[in-house]
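Examining the three-dimensional arrangement
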Amino acid sequence: MPSPLFADRPAPQPPERGMVDALITQTRRLRGDMDAVRRDAPLDEMDDAQVRWERALCDLAVHQLDDLGAHLGQLKDGLPSAPVESAAAPPSPAVIPGTGRGSLLTRVGSAEWNLLTDEVSWSDELYEIFGRSPGSGPLSLDELPSMLLADDQCLLTAMVTDCLVDGKPIDGEFRIVRAGDGAVRTLHMMGEPVLDADGCTASMWAVLRDISALRRTQRAVREKQDSLELHRHLARTERKMAVQLQEAVLPSWRGAAPLPAGGALDLAAYYLPSASGELVGGDWYDAMELADGQSLLTVGGLTGHGVSATSSMAMLLGALRGMALAGVRPGVLMGHLNQLLGTSSAHPSLGSAVCCQYDPETRLLTWAQAGHPAPLLFRDGRGRALTPPQGVLLGATTGTAYEQAEVTLREGDLLLLHTDGLSRRSTTDVESRNRLLALAPRFADTRSARECVRLVLEEFGETEREDDACVLIARIDERPGR
């Protein structure tokens, strides 16, 4: 059925066949590219809000490209055939994906209501959309609202009235209940009045399109986008809380911080965030003077990120400080921390740590470790890792004993403690240890622990770390009173 027009509006010229063919080719090419994008999507990460949103956008784009291809196919089929210059068979019509029953082509139907003769004509596609058999006949404008949901009936009545009385084009959506299966479908209706020679409305024509699938896809995109925004908001909120908790628990000093014990140790430390800055973990460092004049040095870290990791770290570090002040030795202290992490944490996790007690009178360093990289000792321009005593990860098993080791330090020695996230390959400390040991000649030329930390930052500061990390450096100065 040709599309009627206003009497005072000239009919547009039909598009050239070559132009339509070019558009169909471009649409098919875009459709193929979108299929490739969908195939490359990481299906194993569909639980990620960002991936779900991107997948929904791809589905929406594919749906709209399919719709465009179907409409272009209809347009091409409706064009007049090109003149035949030879006896060869004419080219076959363009094959558009999904032209079978229930496809995109059956989602568009047309209708005309003649106000002078009360005749109504529907296309076969429109019968299919409404779920009616052609034998039951088309619906008049008075009968049409009965197929709509009650909430949409007034909308359709208003659009038809404005079209017939005021000559306004129809462009709106409404929902129908299909006959037979009772399915609710969303239709988009576009129509115009047809005027007679006197300028009066003689009939009304309309094109109705079933956009149910399109609207479902758009709703899915909105839902995924809302879910993504909520996920991002929660992540930002959790990160802010984790950072605040971390800043409240870790020592207030950054960089250099000599202990009050007569300047026996020159200390400097630094916290290195992950490359993205979004992952706030449970790494810690601390140094404090104990009641008997000794000094506590410790670094460690817990598995996991966010508030759960930082809250567990806060609990563990608080217990460590309390037991150290009470005079508990490093080996026994590690055993208590292991028991605490395994039984008291609301979010079970594993941890590693090293705990050192330094006596400035004897320069004796007593230390224990729990599955952690051993401290590095630098002396006379050379560096080595201390031989670690036995100790398993914190939280791995209960009732385990942790051994202690002792080493006598000298004036000018440099002790470096670090967590295992300095390098990009944070699953092992071998790379980090070797790179740190290679700094020994440069450490020998420094005059303070702070300068040594600066060298570490130059070596690892630009590393694309997968996790956060801490480094603590202690330089052995003269004994107190000398």
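See the structure above.
Residues numbered from 1 in each chain as written. Predicted model: local features only at pLDDT ≥ 70, side-chain atom pairs only at ≥ 80, totals over all residues. Heavy atoms only, no water.

Mapped onto the fold, H188 is located in strand β4 (residues 184–195). Assessed through its relative accessible area of 17%, H188 is described here as buried. Within the structure, H188 has its side chain in polar contact with the side chain of D171 (distance 2.6 Å). Beyond its immediate stretch of four places on either side in the chain, H188 contacts D171, G172, E173, V207, L208, R209 and I211. (Helix = DSSP H or I, 4+ residues; strand = E, 2+ residues; numbered from the N terminus. Buried < 20%, exposed > 50% of the residue type's maximum accessible area, 1.4 Å probe, protein only. Polar contact = N/O pair within 3.5 Å; in protein donor to acceptor, adjacent residues only side chain to side chain. Contact = heavy atoms within 4.5 Å.)

The subject of this paragraph is the packing of helix α5 (residues 212–249) against helix α6 (residues 307–325). At their nearest, the axes of α5 and α6 sit 9 Å apart, and the two run at 10° to each other. As the angle between them shows, α5 and α6 are arranged roughly parallel. Counted together, E238, M241, A242, L245, Q246 and V249 of α5 and V307, T310, S311, M313, A314, L317 and R321 of α6 form the full contact between these two elements. Taken together, the residues of the contact of α5 with α6 sort by class into eight nonpolar, three polar and two charged. (Axes fitted to C-alpha atoms, helices over the stretch in contact; angles between N-to-C directions. Parallel < 35°, antiparallel > 145°, perpendicular 65-115°, else oblique. Nonpolar A, V, L, I, M, F, W, Y, C, P; charged D, E, K, R; others polar.)

At D118, a position not held by glycine, the phi torsion is positive, near 60°. You can see D118 is positioned in the loop between β1 (108–114) and β2 (120–122). Residue D118 is classed as exposed on the basis of its relative accessible area, which comes to 64%.

Now for the environment of H336. Within the fold, H336 resides in helix α7 (residues 330–344). The exposure class assigned to H336 is partly exposed, which follows from its relative accessible area of 41%. Sequence spacing of H336 and A401 is 65 residues, and the spatial spacing of their C-alpha atoms is 9.5 Å. Not counting chain neighbours up to four residues away, the residues in contact with H336 comprise M323 and V328.

Moving on to the pattern of salt bridges. Per the stated rule, a full pass over the model turns up 14 salt bridges. Between R435 and E459 there is a salt bridge whose closest N-O contact spans 3.0 Å. Remark: E459 occurs in helix α10 (residues 449–460) and R435 occurs in helix α8 (residues 430–437); sequence separation between them is 24 residues. Judged by relative accessible area, R435 falls into the partly exposed class, the value being 21%. Put simply, E451 and R447 hold a salt bridge, and the shortest N to O gap is 3.9 Å. Classification of R447 as exposed rests on a relative accessible area of 73%. Sharing partners across several salt bridges, the network here consists of R31, D35 and D66. (Salt bridge = Lys/Arg side-chain N within 4 Å of Asp/Glu carboxyl O.)

The five strands are arranged β2-β1-β5-β4-β3 in an open sheet whose pairing can be described as antiparallel. In this open sheet, the two edge strands, each paired with only one partner strand, are β2 and β3 (170–177). For this sheet the average axis-to-axis angle between neighbouring strands, irrespective of direction, equals 25°. In this structure, β3 lies alongside β4, joined through eight bridges in antiparallel fashion. (Pairing = 2+ DSSP bridges.)

Next up on the list: the packing of aromatic side chains. All told, the structure shown has three aromatic pairs when counted by the stated rule. On the basis of an interplanar angle of 55° and a centroid distance of 5.3 Å, the ring pair of W122 and Y127 is categorised as tilted. The class for W122 is buried, based on a relative accessible area of 10%. Judged by relative accessible area, which is 8%, Y127 ranks as buried. Measuring from ring centre to ring centre gives 4.9 Å for F378 and F443, while their planes differ by 90°; the resulting arrangement is edge-to-face. Residue F378 is found in strand β12 (residues 376–379), and its partner F443 is found in helix α9 (residues 440–444); the two are separated by 65 residues along the sequence. Exposure remark for F443: the relative accessible area of 3% places this residue in the buried category. Ring pairs connect the aromatic residues W122, Y127 and F130, which therefore count as one cluster. (Phe/Tyr/Trp six-rings, centres within 6.5 Å; stacked < 30°, edge-to-face > 60°.)

Before going further, it helps to spend a moment on the sheet that holds strand β11 (residues 364–370). Ordered by their spatial adjacency, five strands build an open sheet running β8-β9-β10-β11-β14, and the pairing between neighbours is antiparallel. For this open sheet the edge positions go to β8 (284–289) and β14 (405–408), each flanked by a neighbour on one side alone. Shown here is a sheet whose adjacent strand axes are inclined to one another by a mean of 15°, direction ignored. In this fold α6 packs onto β8 and β9 (295–302), with an angle of close to 20° to the strand it touches most, β8.

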